[in-house]
Amino acid sequence: MKKYLLIPAMLTLLVGCTVKTVGDPNRPITINANVIVDIRGLKNTATSIEDMVSGGQR
Amino acid sequence: MKYKFLAAFTLMICMMSMPFSLQAETYDIKEMTPEVKNALDARTARFGELQSLKAQGIIGENNGGLVEVRKSSPVGSGLAQEENADRMVIYQAIINQNGLGLNGLGKVQAVFAEVQRDKARSGDFIQLPSGQWTQK
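Residues numbered from 1 in each chain as written. Chains lettered and ligands numbered in written order. Predicted model: local features only at pLDDT ≥ 70, side-chain atom pairs only at ≥ 80, totals over all residues. Heavy atoms only, no water.

Draft legend 1. Focus on the overall build of chain B. Helix and strand counts for chain B stand at four helices and four strands. Reading chain B from its N end, one meets helices and strands in the order α-α-β-β-α-α-β-β. Looking at chain B as a whole, 41% of its 136 residues qualify as buried. Residue pairs at least 24 apart in sequence account for 48% of intrachain contacts in chain B once pairs closer than 6 positions are excluded. Surface accessibility of chain B: about 7600 Å² in total, with carbon and sulfur atoms responsible for 59%. (Helix = DSSP H or I, 4+ residues; strand = E, 2+ residues; numbered from the N terminus. Buried < 20%, exposed > 50% of the residue type's maximum accessible area, 1.4 Å probe, protein only. Contact = heavy atoms within 4.5 Å. Areas by Shrake-Rupley, 256 points an atom, 1.4 Å probe, with all protein chains shown as cover.)

Following this line, the structure appears as structure tokens:
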């Protein structure tokens, strides 16, 4: 039984968890969410665009 | 049997909720707006002249993904202004169409600058991330 539940349980822990906060409801907590940019993906896009602009002249 | 089913079901739920960040993100121009198309066409049309000015040391590639005049030249100055305006249209489209937010511009500019440094020809002026100018 344990071996069937161990892997899903570990995956559940890896995937995420719920964070609960407590505090004064009159003083809401502000969370600054930053968008994480995958530089590698962006570089591929930039390279494709610059290749297109140069038309193979470089 | 009951536990096998439970385990398989839980595993399936976990796999479905796996964050997409595990895959490489793609940032594309998802919608070719007339502004973006014009900017790309204009950049393609002036590419040869821009390369010529770079070869003469009049224009260099700065670390913000834009061109910069290195030697005083009316032609170079006008061309740099037009080129930079078109580049900003493209950068802004990537930011808007991929939801990169307010901090996206700096990242996009830095990445394009890196690509320009990689693609620069020998002798072209390039600005390093530190701000220092050098000839490739």
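Draft legend 2. Representation of the environment of B:Arg121 in the model. All names here are of chain B. Residue position: Arg121 is located in the loop between helix H4 (104-119) and strand S3 (125-127). For the pair Arg121 and Ser77, spaced 44 residues apart in the sequence, the C-alpha separation amounts to 21 Å. Separated by 2.8 Å, the side chain of Arg121 and the backbone oxygen of Gln51 make a polar contact. (Polar contact = N/O pair within 3.5 Å; in protein donor to acceptor, adjacent residues only side chain to side chain.)

Draft legend 3. Representation of the sheet that holds strand S1 (residues 59-61) of chain B within the structure. All names here are of chain B. Read from one edge to the other, the open sheet built from four strands follows the order S2-S1-S3-S4, with strand pairing classed as mixed. This sheet does not close on itself; its edge strands, each paired only once, are strand S2 (67-69) and strand S4 (133-135). Across this sheet, the average inter-strand angle for adjacent strands is 35°, counted without regard to direction. Relative to S2, S1 runs antiparallel, the two sharing three bridges. Residue pairing in the sheet places Ile59 in a bridge with Val69 of S2. Packing against the sheet, helix H3 (residues 74-97) makes contact with S1 and S2, and its axis sits at approximately 160° to S2. (Pairing = 2+ DSSP bridges. Axes fitted to C-alpha atoms, helices over the stretch in contact; angles between N-to-C directions.)

Draft legend 4. Spotlight on the side chain of B:Arg87. With respect to the helices, strands and loops of the structure, B:Arg87 is situated in helix H3. The contact partners of B:Arg87, leaving out residues within four places of it in the chain, are B:Arg43, B:Leu50, B:Glu61, B:Gly65, B:Leu66, B:Val67 and B:Gln116.

Draft legend 5. Layout of the packing of helix H2 (residues 34-55) of chain B against H3(B). Residues and elements named next belong to chain B. Between H2 and H3, the shortest axis-to-axis distance is 9 Å and the interhelical angle comes to 145°. Note that H2 runs across H3; the crossing there is left-handed. Of H3, the residues touching H2 (which contributes Glu35, Val36, Ala39, Leu40, Ala42, Arg43, Arg46, Glu49, Leu50 and Leu53) are Val75, Gly76, Leu79, Glu82, Glu83, Asp86, Arg87, Val89, Ile90 and Ala93. Looking at the contact of H2 with H3 residue by residue, the class counts come to eleven nonpolar, one polar and eight charged. (Left-handed = near helix turned anticlockwise from the far one by under 90°. Nonpolar A, V, L, I, M, F, W, Y, C, P; charged D, E, K, R; others polar.)

Draft legend 6. Seen up close, helix H2 (residues 39-54) of chain A. A rise of 1.5 Å per residue sets the reference length of H2(A), with its 16 residues, at 22 Å; its end C-alpha atoms lie 22 Å apart and thus fit the reference within 8%. Buried within H2(A) are the following residues: A:Gly41, A:Leu42, A:Thr45, A:Ala46, A:Ile49, A:Glu50, A:Val53 and A:Ser54. Buried-residue contacts for H2(A) involve H2, H3 and H4 of chain B. (Expected span 1.5 Å × (residues − 1).)

Draft legend 7. Up close: the confidence of the model for chain B. Mean pLDDT over chain B stands at 88; residues scoring 70 or higher make up 82%. The complex prediction reports pTM at 0.70, with the ipTM value standing at 0.79. (pLDDT = per-residue confidence, 0-100.)

Draft legend 8. Examining the nonpolar core more closely. Membership of the largest hydrophobic core comes to 21 residues, with the highest contact counts inside it found for A:Ile49, B:Ile90, B:Ile94, B:Val108 and B:Phe112. Listed by contribution, the elements that provide at least two residues to this core are H2 of chain A together with H2, H3 and H4 of chain B. When residues of this core are assigned to their parent elements, the largest contribution, five residues, is made by H3(B). Ignoring any residue separated from it by four or fewer positions in sequence, one finds B:Ile90 in contact with A:Ile49, B:Ile29, B:Ala39, B:Leu40 and B:Arg43. (Core = buried A, V, L, I, M, F, W, Y, C linked by side-chain atoms within 4.5 Å.)

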